[in-house]
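Structural overview for review
Residue strings, one per chain:
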Amino acid sequence: MADTAKIEGRAAPLPIENLDTDQIMPKQFLRGIDKSGLTEGLLYDLRFDTAGRPNPDFVLNQAAYDGASVLVGGSNFGCGSSREHAVWGLLQYGFRAVVAPSFAEIFFSNAMNNRLLLVTLPAAEIAKLMADAGDPAGNAVTIDVHAQTLRSRSVQANFDMVPRHRRMFLEGLDNIGLSLTYQDEVRRFAARHWQAQPWLKDVAALTRKRLSA
C-alpha cells in the first residue's frame, strides 16, 4: 500500500516569480465546475505557442520531466484571482506538491483544501532544489508530511505546517470533512446550551405558532 503521507518523485523547476492563477489556469478553461478536463489548460500559454503547438523550451514539454510530481516555483506562487481550477489543474496534471518561497493566501487555502501539498522554504533552499531538478541524474525529491521534512540531493530541510492542515492532508480531509469530525463535540455543546437556556430554543417557530393560533 502506498504511503500517502510521503511524496517521492521528480521535480519540475518553474523559476517564475508572481505566477498568477490566470497563467496557471487561463480563463478559457473555466467553463466547468466539476474538476474535470483541466489537464490541457494547465500553464497553457507557457506550454503552447499562439498556434497551439507545444513550446519545446518549456519545462513540462521536456521528456526529463515527464511524470514529475513536485513543482518548484518562485515567490508569491498562485497570486491573482481565487479560481480553484488552478489547484484542480495542477492535481490533474499529476503534481502532488508545490514548493516555493511563498504562496498567495487564497491559493494556499484552496490547495490545502484539495490535498495539494504546499511547502514553503527559504529562497536559498529553493535555488538548490531548482539546480537539483536541472540535473536528470540527481532529480529526486522526498517529502515526508509526518516528519515535515523535504530531501533532495542538495537539500535537507524541515518545513512548517499548521496542525489543522497537516491533519487534513494526512487524513484526506477537506474543510467540511474536518468540521464533521467534531460532530459529537457540537452535539454535546448544543445539549448543554439548550439545557441552560431552554427559553431560547426554537423561539421563531414558537412565535409563529402562537401568532397563527
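Residues numbered from 1 in each chain as written. Predicted model: local features only at pLDDT ≥ 70, side-chain atom pairs only at ≥ 80, totals over all residues. Heavy atoms only, no water.

The name an unreviewed UniProt entry assigns to the protein is 3-isopropylmalate dehydratase small subunit, from the organism Bordetella genomosp. 10. Turning to the protein, the UniProt annotation filed under Subunit (unreviewed entry) states: "Heterodimer of LeuC and LeuD." As stated in UniProt under Function (unreviewed entry), the record for the protein gives "Catalyzes the isomerization between 2-isopropylmalate and 3-isopropylmalate, via the formation of 2-isopropylmaleate." (UniProt positions renumbered as here; feature names shortened; annotations may be inferred.)

Let us now look at the sheet that holds strand β2 (residues 11–14). The parallel open sheet is built from four strands, whose spatial order is β2-β3-β4-β5. Of all strands in the sheet, those with a lone pairing partner are β2 and β5 (117–120), marking the two edges. Ignoring strand direction, the axes of neighbouring strands in this sheet form an average angle of 20°. (Pairing = 2+ DSSP bridges. Helix = DSSP H or I, 4+ residues; strand = E, 2+ residues; numbered from the N terminus. Axes fitted to C-alpha atoms, helices over the stretch in contact; angles between N-to-C directions.)

Here the focus is the nonpolar core. When a protein is soluble and globular, its nonpolar side chains tend to lie buried together. F77, L90, F107, L117, I143 and L150 are the most contacted members of the largest nonpolar core, which totals 55 residues. For this core, the secondary-structure elements that each account for two or more residues are β2, β3 (70–73), α3 (85–93), β4 (97–100), α4 (105–113), β5, α5 (123–133) and β6 (141–144). Apart from residues lying up to four places away in sequence, F77 is in contact with L19, I24, L71, L90, V98, A100, S102, F103, A104 and F107. (Core = buried A, V, L, I, M, F, W, Y, C linked by side-chain atoms within 4.5 Å. Buried < 20%, exposed > 50% of the residue type's maximum accessible area, 1.4 Å probe, protein only. Contact = heavy atoms within 4.5 Å.)

The subject of this paragraph is the pattern of salt bridges. A full pass over the atoms with the stated rule returns seven salt bridges. Across the pair D49 and R53 runs a salt bridge whose closest N-O atoms are separated by 3.0 Å. The class for D49 is partly exposed, based on a relative accessible area of 29%. Salt bridges sharing partners connect three or more residues here, namely D132, D135 and R153. (Salt bridge = Lys/Arg side-chain N within 4 Å of Asp/Glu carboxyl O.)

Before going further, it helps to spend a moment on α3. Of the residues making up α3, those classed as buried are H85, A86, V87, W88, G89 and L90. In this fold, the buried residues of α3 make contact with α1 (21–24), β3, β4 and α4. Immediately downstream of α3, the backbone of G94 shows phi near 120°, a positive value.

Our next topic: a nonpolar patch on the surface. There is a patch of nonpolar side chains on the surface, built from W194, W199, L200 and V203 and spanning about 410 Å² of accessible area. Secondary-structure assignment places W194 in helix α8 (residues 183–196). (Patch = residues over 30% accessible without salt bridge, like charges linked within 9 Å, V, L, I, M, F, W, Y side chains within 5 Å. Areas by Shrake-Rupley, 256 points an atom, 1.4 Å probe, with all protein chains shown as cover.)

With glycine set apart, most residues show a phi of negative sign, and most peptide bonds adopt trans. Positive phi, normally seen in glycine, also occurs at L43, with a value near 50°. Summarising the element assignment, L43 is placed in the loop between α1 and α2 (44–47). Given a relative accessible area of 1%, L43 falls into the buried group. Its identity as a non-glycine residue notwithstanding, D202 has a phi of 55°, on the positive side. Among the secondary structure elements, D202 is positioned in the loop between α8 and α9 (203–212).

A few words now on the pairing of β6. Two strands pair when backbone bridges link them, and strand β1 (residues 6–9) and β6 are joined in this way by four bridges, in the antiparallel orientation. In the strand pairing of β6, E8 is matched with T142. Where β6 folds back onto strand β7 (residues 149–151) in an antiparallel hairpin, the turn is made up of four residues, including Q148, whose phi is positive at roughly 55°.

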